[in-house]
Amino acid sequence: VTDEGEIKVIRTKKNEYHARAVIIACGATHRHLGIPGEEELGGMGVSYCATCDAAFFQEGTVAVVGGGNVAVEDAILLSRTCKKVYLVHRRDELRAEKILQDSLFGCHNVELEGEDKVTALKVRNVKTDEEKEISVDGVFIAVGIVPGSGKFKDLVKMDESGYIIAGEDGVTSTPGIFAAGDIRTKNLRQVVTAVADGANAVASVQRYLME
């Protein structure tokens, strides 16, 4: 996508499109661990959203993998309904704000086990090199989200994490370019907020074209 003033040009492998306005809605993806069992057991005990899936594990034992604010917040959220929550992190201290640091584990090299669902985690203590297995019903992976904004880095302003800077109206730093959904700066990334963003962005485009 290039900005040529009043007209924006979108070039694909097959065609070239000209438009007066563009809405970027390429979303964001959860960063994966890349460990054995992660892809095979997705949706069968492996989750990337505690807010979405916590209800499936009431009174169960779960593990949260990660050490940032989101991971610790997920652990706290899950602790309200789960029997036990393990927090697994690759360093010997969390990156989360101190106020959120209720748990501390120095573990790494996680492996998921199970056939039809998650049954256990294998973890290795990075200080002692001791390996052990933790029986769990679910694993929540919270190691970051990657916005799909790479192709637009020279088109609009972004924050340090690569999210397009735009408010609820979807307006970006470039006139005629709008952003909607998980790709923009926001506090909550869920389907319901992405749908709202789409409606807001379309309304903003209509105002932009009329003006």
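Owing to the predicted nature of the structure, the values given are computational and were not obtained by experimental measurement. (Residues numbered from 1 in each chain as written. Predicted model: local features only at pLDDT ≥ 70, side-chain atom pairs only at ≥ 80, totals over all residues. Heavy atoms only, no water.)

The next thing to look at is the state of the cysteines. Per the stated rule, a full pass over the model turns up one disulfide. Between the sulfur of Cys 49 and that of Cys 52 lies a disulfide, 2.2 Å long from S to S. As the torsion about the S-S bond is roughly 70 degrees, the Cys 49-Cys 52 disulfide counts as right-handed. Cys 52 sits in the partly exposed class, given a relative accessible area of 43%. This cysteine, Cys 82, is not joined by any disulfide, and Cys 49 carries the nearest cysteine sulfur, 14 Å off. Take Cys 82: its relative accessible area is 10%, and that puts it in the buried class. (Disulfide = S-S within 2.5 Å. Buried < 20%, exposed > 50% of the residue type's maximum accessible area, 1.4 Å probe, protein only.)

Before going further, it helps to examine the confidence of the model for the chain. For the chain, the mean per-residue pLDDT works out to 87, and 90% of the residues sit at or above 70. Per-element confidence in the chain ranges from a low mean pLDDT of 46 for strand β9 (residues 107-113) to a high of 98 for strand β14 (residues 177-179). Note on residues 103-110: pLDDT is under 50 here. Beyond four places in sequence and across chains, it has 35 contacts. (pLDDT = per-residue confidence, 0-100. Helix = DSSP H or I, 4+ residues; strand = E, 2+ residues; numbered from the N terminus. Contact = heavy atoms within 4.5 Å.)

What follows is about the packing of aromatic side chains. If you walk through the whole model with that rule in mind, you get two aromatic pairs. With a centroid separation of 5.3 Å and 75 degrees between ring planes, the pair formed by Phe 57 and Phe 140 is classed as edge-to-face. Within this pair, whereas Phe 57 is found in the loop between α1 (50-53) and β7 (61-65), its partner Phe 140 is found in strand β12 (residues 138-141), the two being separated by 83 residues in sequence. One exposure class covers both Phe 57 and Phe 140, and it is buried. A cation over an aromatic ring shows up here: Arg 189 above the ring of Tyr 163, its NZ or CZ 3.7 Å from the ring centre. (Phe/Tyr/Trp six-rings, centres within 6.5 Å; stacked < 30°, edge-to-face > 60°. Lys NZ or Arg CZ within 6 Å of the ring centre and 35° of its normal.)

Here five bridges tie strand β10 (residues 120-125) to strand β11 (residues 131-135), and the two strands are oriented antiparallel to one another. Counted as the bridge partner of Ala 120 is Ser 135 from β11. Hairpin connection, β10 to β11: the antiparallel pair is bridged by five residues, and Asp 129 has positive phi, about 70 degrees. (Pairing = 2+ DSSP bridges.)

Our next topic: the environment of Gly 66. Among the structural elements, Gly 66 can be located in the loop between β7 and α2 (69-79). Expressed as a C-alpha distance, the spacing of Gly 66 and His 89, which sit 23 residues apart in the sequence, is 5.1 Å.

Now for the sheet that holds β12. Pairing between the strands of a sheet comes from backbone hydrogen bonds, and it takes one of two forms, parallel or antiparallel. Read from one edge of the open sheet, four strands run β6-β12-β7-β8, paired in parallel fashion. Strands at the two margins of the open sheet, each flanked by one partner only, are β6 (46-47) and β8 (84-88). Strand direction decides the pairing type here: β6 and β12, joined by two bridges, are parallel. Residue pairing for β12: Val 46 is matched across the bridge by Val 139. Where α2 meets the sheet, it contacts β7, β8 and β12, and its direction lies at approximately 170 degrees from that of β8. (Axes fitted to C-alpha atoms, helices over the stretch in contact; angles between N-to-C directions.)

Moving on: the nonpolar core. Counting 14 residues, the largest nonpolar core has Val 62, Val 64, Leu 78, Leu 87 and Phe 140 as its most contacted members. Sorting the residues of this core by element identifies β7 and α2 as the ones contributing at least two each. If you tally residues by element for this core, the top one is α2, at four residues. When sequence neighbours within four positions are dropped, the list of residues in contact with Val 62 reads Phe 57, Leu 78, Cys 82, Lys 84, Val 85, Tyr 86, Val 136, Gly 138 and Phe 140. Tyr 48, Val 88, Leu 121 and Val 139 belong to the second-largest nonpolar core, a separate cluster that totals 13 residues. (Core = buried A, V, L, I, M, F, W, Y, C linked by side-chain atoms within 4.5 Å.)

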